[in-house]
Amino acid sequence: MDHFNYRDGELHCEDTPISEIVESVGTPAYIYSKQTFLDHFQAISQAFSELDPIVCYSIKSCGNLHIVKLLASQGSGMDVVSGGEVFRAQQSGVDMSKVVYAGVGKTDEEIEQAIRAEIGWFNIESEAEFENIAAIAARLGKEAHGALRINPDVADARTHAKTTTGSKETKFGVDIERAKRFFHTYGKNEHCRLDAIHLHIGSPIYSPEPYVKAITKTLEIIEELRADGFTINTIDIGGGYAADYETGASPSYKEYADAIVPLLKPFKDAGGTVILEPGRTIAANAGVLVTEVQYIKQGGAKKFVICDTGMHHLIRPTLYEAWQFIWPTKVAPEFVPDKRAKDLAIDGLEVSEIVGPICETGDYLAKDRPIPPVDRGDLLAVFSAGAYGMVMASHYNAMPNPPEVMVGGDAFLTIRRRETYEDLVAAERV
Ligand SMILES: Cc1ncc(COP(=O)(O)O)c(C=O)c1O
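Since this is a predicted model, take the numbers as computed values, not measurements.

## Comments concerning the domain arrangement of the protein chain
Point 1. According to the domain assignment, the protein chain consists of domain 1 (4-32 + 284-426) and domain 2 (103-276).
Point 2. Each of domain 1 and domain 2 has a C-alpha centre, and the two are 35 Å apart.
Point 3. Counting residues at the interface gives 13 residues for domain 1 and 8 residues for domain 2.
Point 4. Counted by class, the side of domain 1 that touches domain 2 contains 7 nonpolar, 3 polar and 3 charged residues.

## A short note on the nonpolar core
The nonpolar side chains of a soluble globular protein tend to be buried with one another.
Point 1. Ranked by internal contacts, the top residues of the largest apolar core, which has 115 residues, are I31, I326, A381 and V382.
Point 2. Domain assignment of the residues forming this core places at least three in each of domain 1 (4-32 + 284-426) and domain 2 (103-276).
Point 3. Filtering out sequence-adjacent residues up to four positions away, I31 remains in contact with C13, I18, I21, G287, V288, V290, V405 and V407.

## As for the pairing of strand β1 (residues 4-7)
Point 1. Taken together, the 4 bridges between β1 and strand β2 (residues 10-13) define a ladder with antiparallel strand orientation. Counterpart to Y6 in the pairing with β2 is L11.
Point 2. Between the end of β1 and the start of β2, which pair antiparallel, lie 2 residues, with D8 showing a positive phi angle near 50 degrees.

## Thoughts on the sheet that holds β2
Point 1. Read across the open sheet, the 3 strands follow the order β1-β2-β3; overall the sheet is antiparallel. If you trace the sheet from one side to the other, it starts and ends with β1 and β3 (16-17), each paired once.
Point 2. Pairing of β2 with β3 involves 2 bridges; the strand directions are antiparallel. By the bridge assignment, C13 is partnered in β3 with T16.

## Focus: helix α9 (residues 253-269)
Point 1. Of all the bends found along α9, the most pronounced is centred on V261 and spans about 45 degrees, while P262, a proline, follows it within four residues.
Point 2. Buried within α9 are the following residues: Y256, A257, I260, L264 and F267.
Point 3. Close packing links the buried residues of α9 with α2 (34-47), α8 (209-227), β12 (234-236) and β13 (273-276).
Point 4. Positive phi shows up at G271, right after α9, with a value of about 100 degrees.

The rules behind these values
- Residues numbered from 1 in each chain as written.
- Predicted model: local features only at pLDDT ≥ 70, side-chain atom pairs only at ≥ 80, totals over all residues.
- Domains from an automatic or database assignment.
- Contact = placed C-beta atoms within 7 Å.
- Nonpolar A, V, L, I, M, F, W, Y, C, P; charged D, E, K, R; others polar.
- Core = buried A, V, L, I, M, F, W, Y, C linked by C-beta atoms within 7 Å.
- Buried ≥ 20, exposed ≤ 12 C-beta atoms within 10 Å, placed from the backbone.
- Pairing = 2+ DSSP bridges.
- Helix = DSSP H or I, 4+ residues; strand = E, 2+ residues; numbered from the N terminus.
- Bend = angle between axes of the 7 residues up to and from the residue.

Rendered as structure tokens:
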């Protein structure tokens, strides 16, 4: 799952005590385990190896340049969703032919930038976008490649409404019926070669079944389109593989692969290319957000633990009602958790509202959460914070963003410094 463990009651990232890092960089701070990134990337690549897929890490999940570089050095491709992420990919030294570019609102400038960068595929979200990409490619005298994003109308009931994308009525892609018309209109375009199909059904998806349903539908449509004379040599099955917010909550990579690989093997064996776009499953468990308790306060029947971080640095609880395990970084032996779970059978826990300093009632990290008793000055770790954590941080209430630290064994490196007040106003000095 990851390399965050308690040793003698103290949380370590790999072989480094969290307290040692905090002494150096302060709080709040995002702390990542390099080995966890590597393990996850290698494990997913290995599980799907029969398909020899291009694994395109989703930069949006955790886009620090050092992390993107680390994964690029392992042979990863990248899934990007903006010109800024194309730029990050370029800076990482990744093979740009292994870059896929999704997103419903790509601007002319972004499209031109991506064509010039010679990315692998644009994931095409609409007819108007296709026409625009083809026109820009023609103007530049280049050939782009397009993967039509289809909505197979499949969803996982456990996926939050704000992160499900595979149903008909989302802003992403086109529905299956429209996909056929799409190919008949644009499938022979010379400037943007429509030679791939893309799908992404949401995130997190806690079982292989929705993928099986979606891929089965997609293969059917590919067969029909091929029978109509279209060349489709690539299928991109998106991301969404779950993470262990609770110990053992997500299926293993092997479980996903056991269900998905047999479906795609014939496509692969016939010369096709398979792409995966995992983000969360690689990054989530690779990071924690460490915060210092500022105050304890009673409000009616509730005990509030007020921290120096909140929704401005980790918005998932506020935005998606996401549950993340939170625990002190130093605990007495009886409070060392044997797993990360909602239902820990430990005596002496105190139900707390763990909140941040932001002037919003919605600024919380956890509600009604049993944790060991804590005091002002104690450190808490918010686990599984590597994905959709720092990348979604804001400056709300003029709060500088925290540093990011990468641990490798018993050494650590600040891979993004803590922001200063001057950083907050720098772009306003006009
Ligand atoms: C098109 C696309 N691919 C991949 C991902 C990555 O999803 P995850 O981080 O859950 O693997 C997303 C997430 O929003 C996405 O929209």
